[in-house]
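Structure assessment
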Amino acid sequence: LIYVCKGIAVYGEKLKGKGAPDRETGRFVCEALFITITNAAWDDEVIIAKIEEGLKVREAAKARLAAGMTGALPDCAVWTPKNREEIMAKAESGDVRITATEHEDVRSLRELLVIGIKGIAAYADHAAALGQEKEEIYGFIMEALASTTKDLSVDDMIGMVMKAGETSVSTMALLDAANTTAYGHPEITEVNIGVRNNPGILISGHDLKDMEELLKQTEGTGVDVYTHGEMLPANYYPVFKKYAHFVGNYGGSWWHQNQEFESFNGPILLTTNCLVPLRKDNTYLGRLFTTGVVSYPGAKHIADRPAGGSKDFSALVALAKTCRAPQEIETGKIVGGFAHNQVLALADKVIAAVKSGAIRRFVVMAGCDGRHKSRGYYTEVAGSLPKDTVILTAGCAKYRYNKLALGDIGGIPRVLDAGQCNDSYSLAVIALKLKE
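All of the points below concern the structure found in this document. Model, not experiment: these values are computed from the prediction. (Residues numbered from 1 in each chain as written. Predicted model: local features only at pLDDT ≥ 70, side-chain atom pairs only at ≥ 80, totals over all residues. Heavy atoms only, no water.)

Some details on the overall build of the protein chain
The number of helices and strands found in the protein chain is 15 helices and 13 strands. The globule rule puts the C-alpha radius of gyration for 436 residues at 22 Å, and the 23 Å found for the protein chain is close to it. With the C-alpha coordinates aligned to their principal axes, the bounding extent of the protein chain is approximately 65 × 55 × 40 Å. Residues counted as buried form 52% of the 436 residues belonging to the protein chain. Restricting the contact set of the protein chain to residue pairs at least 6 apart, pairs at least 24 apart contribute 72%. (Helix = DSSP H or I, 4+ residues; strand = E, 2+ residues; numbered from the N terminus. Rg over C-alpha atoms; globule rule 2.2 N^0.38 Å. Buried < 20%, exposed > 50% of the residue type's maximum accessible area, 1.4 Å probe, protein only. Contact = heavy atoms within 4.5 Å.)

Things to note about the packing of aromatic side chains
Counted by the stated rule, this structure contains 10 aromatic pairs. For the ring pair Tyr183 and Tyr237, a centre distance of 6.3 Å and an interplane angle of 80 degrees mean the geometry is edge-to-face. Highlighted residues: Tyr183 in helix H7 (residues 154-183) and Tyr237 in the loop between strand E3 (224-227) and helix H9 (238-241), separated in sequence by 54 residues. Tyr237 gets classed as buried once you look at its relative accessible area, which sits at 4%. When the centroid spacing of 6.3 Å and the interplanar angle of 75 degrees are considered together, the rings of Tyr226 and Tyr250 count as edge-to-face. You can see Tyr226 sitting in strand E3 and its partner Tyr250 sitting in the loop between strand E4 (246-249) and helix H10 (257-264), a full 24 residues away along the chain. (Phe/Tyr/Trp six-rings, centres within 6.5 Å; stacked < 30°, edge-to-face > 60°.)

Some remarks on the environment of Phe338
Within the secondary structure layout, Phe338 lies in the loop between strand E8 (333-336) and helix H12 (340-345). Phe338 sits 316 residues away from Asp22 along the chain, and the two C-alpha atoms are 37 Å apart. Discounting residues that sit within four places of it in the chain, Phe338 has contacts with Ile188, Val343, Leu346, Pro413, Val415, Leu416, Asp417, Ala418 and Ile430.

Brief notes about the packing of helix H2 (residues 23-35) against helix H5 (residues 104-129)
As a packed pair, H2 and H5 sit with axes 8 Å apart at the nearest point and diverge in direction by 120 degrees. When the axes of H2 and H5 are compared, the pair comes out oblique. Considering the relative orientation of H2 and H5, their crossing is left-handed. Side by side, H2 and H5 meet where Cys30, Glu31, Leu33 and Phe34 of the first sit next to Ile117, Lys118, Ala121, Ala122, Ala124, Asp125 and His126 of the second. Tallied by class, residues from the contact of H2 with H5 come to 7 nonpolar, 1 polar and 3 charged. (Axes fitted to C-alpha atoms, helices over the stretch in contact; angles between N-to-C directions. Parallel < 35°, antiparallel > 145°, perpendicular 65-115°, else oblique. Left-handed = near helix turned anticlockwise from the far one by under 90°. Nonpolar A, V, L, I, M, F, W, Y, C, P; charged D, E, K, R; others polar.)

A look at the nonpolar core
The tendency in soluble globular proteins is for nonpolar side chains to be buried as a group. Counting 96 residues, the largest nonpolar core has Val29, Leu113, Ile141, Met211 and Phe240 as the members making the most contacts within it. Counting residues in each nonpolar core, the second largest holds 14 residues, with Phe338, Val350, Ile359 and Leu416 among its members. (Core = buried A, V, L, I, M, F, W, Y, C linked by side-chain atoms within 4.5 Å.)

Let's talk about the packing of H2 against helix H6 (residues 135-147)
Following both chains from N to C, one finds H2 and H6 inclined at 60 degrees, their axes separated by 10 Å at the closest point. The crossing of H2 and H6 is left-handed. Across the interface between the two elements, Arg23, Thr25, Gly26, Arg27, Val29, Cys30 and Leu33 of H2 pack against Glu135, Tyr138, Ile141, Met142 and Leu145 of H6. Residues belonging to the contact of H2 with H6 are distributed by class as follows: 7 nonpolar, 2 polar and 3 charged.

Re H2
End to end, H2 covers 18 Å across 13 residues, agreeing with the expected 18 Å (1.5 Å per residue, within 8%). Those residues of H2 lying buried are Thr25, Gly26, Phe28, Val29, Cys30, Ala32, Leu33, Phe34 and Ile35. Looking at the buried side of H2, the elements it contacts are helix H1 (2-17), helix H3 (44-65), H5 and H6. (Expected span 1.5 Å × (residues − 1).)

Structural notes on the sheet that holds strand E2 (residues 200-204)
Hydrogen bonds between backbone atoms are what pair the strands of a sheet, whose relative direction is either parallel or antiparallel. Strand order in the open sheet formed by 6 strands is E4-E3-E2-E5-E6-E7, with parallel pairing between adjacent strands. The strands lining the two open edges of the sheet, one partner per strand, are E4 and strand E7 (300-302). Across the sheet, the axes of successive neighbouring strands diverge by a mean angle of 25 degrees, strand direction being ignored. Where strand E5 (residues 268-270) meets strand E6 (residues 288-291), 3 bridges bridge the pair, whose relative direction is parallel. When the bridges of E6 are listed, Leu270 appears paired with Thr290. Here H10 sits on the sheet and contacts E2, E3 and E5; the angle it forms with E2, its principal contact strand, is near 160 degrees. (Pairing = 2+ DSSP bridges.)

Shown next, in the form of structure tokens:
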């Protein structure tokens with residue numbers, strides 16, 4: 001699928017040069033690359049269907065160029081499989097690899113670039129769902145993917161990787177604006193981690209548009225909604241707080257889901273990546289729903305929203321009504337909502353604490369959590385940091401320490417959770433403001 005996207009980009013880059021960027025092609029490439037992110041798509045049939053769709057998108061881009069291409073074209077721009085067998089054979093061949101070059105530094109830079117583009121694509125896809133797009137983001141993705149088909153120097157590839165970094169920041173800024181325009185700025189919030197006696201739906205992943213539509217469609221049904229993993233920060237947004245049936249967060253980070261999805265008892269909705277393979281003895285495949293870029297063999301898939309419409313989550317509501325209430329696995333509350341707008345609102349208090357010496361250091365501990373025992377290191381660090389240290393966090397790494405009793409400094413919690421992994425942007429904004 002990445003290979004096909006490179007083929008699209010060969011033509012997309014030329015169209016960009018002619019001043020004819022195509023948002024539909026940009027959206028397709030972003031969604032396709034999002035599908036290739038770890039723990040998103042597990043169903044080969046879904047991926048193959050996307051490859052076949054991509055080949056049509058590539059040919060349409062080629063047709064729009066007409067006679068605009070000269071010289072030899074890379075294989076990814078012309079490869080046309082006749083059937084599934086040829087797709088599978090190509091997938092197993094060496095020439096589709098992004099490392100398909102003998103120069104080890106170029107290999108590494110191509111790899112780094114493509115992984116960076118995947119992140120840009122994911123965040124651009126989320127922003128587009130909320131109506132926020134930028135031609136220059138789509139244009140860079142085309143330029144960067146096309147660069148991996150060329151014999152570029154190490155210096156040129158380093159320049160491309162650095163440009164990916166710049167584009168990543170602007171894409172996260174776009175998504176930040178999309179989220180806060182739609183749902184308000186995150187606020188300091190105490191999030192319940194217990195359960196109620198009503199049946200519930202558990203939503204995980206990152207897509208706030210899906211969150212909004214699920215809350216609207218469950219209102220008044222007697223079904224509660226809980227977040228899991230990277231959806232925890234939805235609890236911080238003002239627009240979502242108005243829903244009385246939005247209960248709080250259930251469980252921890254992605255790698256606990258084999259146990260926590262079992263004990264939840266009700267339907268589970270995966271909106272983006274972070275779905276891990278189900279154990280053979282699982283009881284929740286029949287309660288697992290996927291949507292967007294997520295797929296899993298045997299899970300029920302909720303179709304994309306029609307133009308101007310909403311996704312239909314009625315199947316989840318109907319199933320939830322037949323299920324038991326979630327099994328309680330913990331009680332209490334955790335605090336979050338320290339995105340840049342909220343922290344800057346506390347700027348005077350923070351600066352005073354810094355000037356008085358009450359806060360001596362900020363430490364960023366963010367990103368993904370993991371099941372490896374070595375990840376316990378982060379819990380140990382959080383617990384052993386001096387009491388005058390504040391931890392800035394985003395992403396599900398926070399589950400390693402956000403339930404520890406670390407206290408506060410003059411009313412400022414020692415763990416400031418900015419939100420999802422893309423809210424690392426907030427941490428950068430906060431750091432720059434602290435520098436000022």
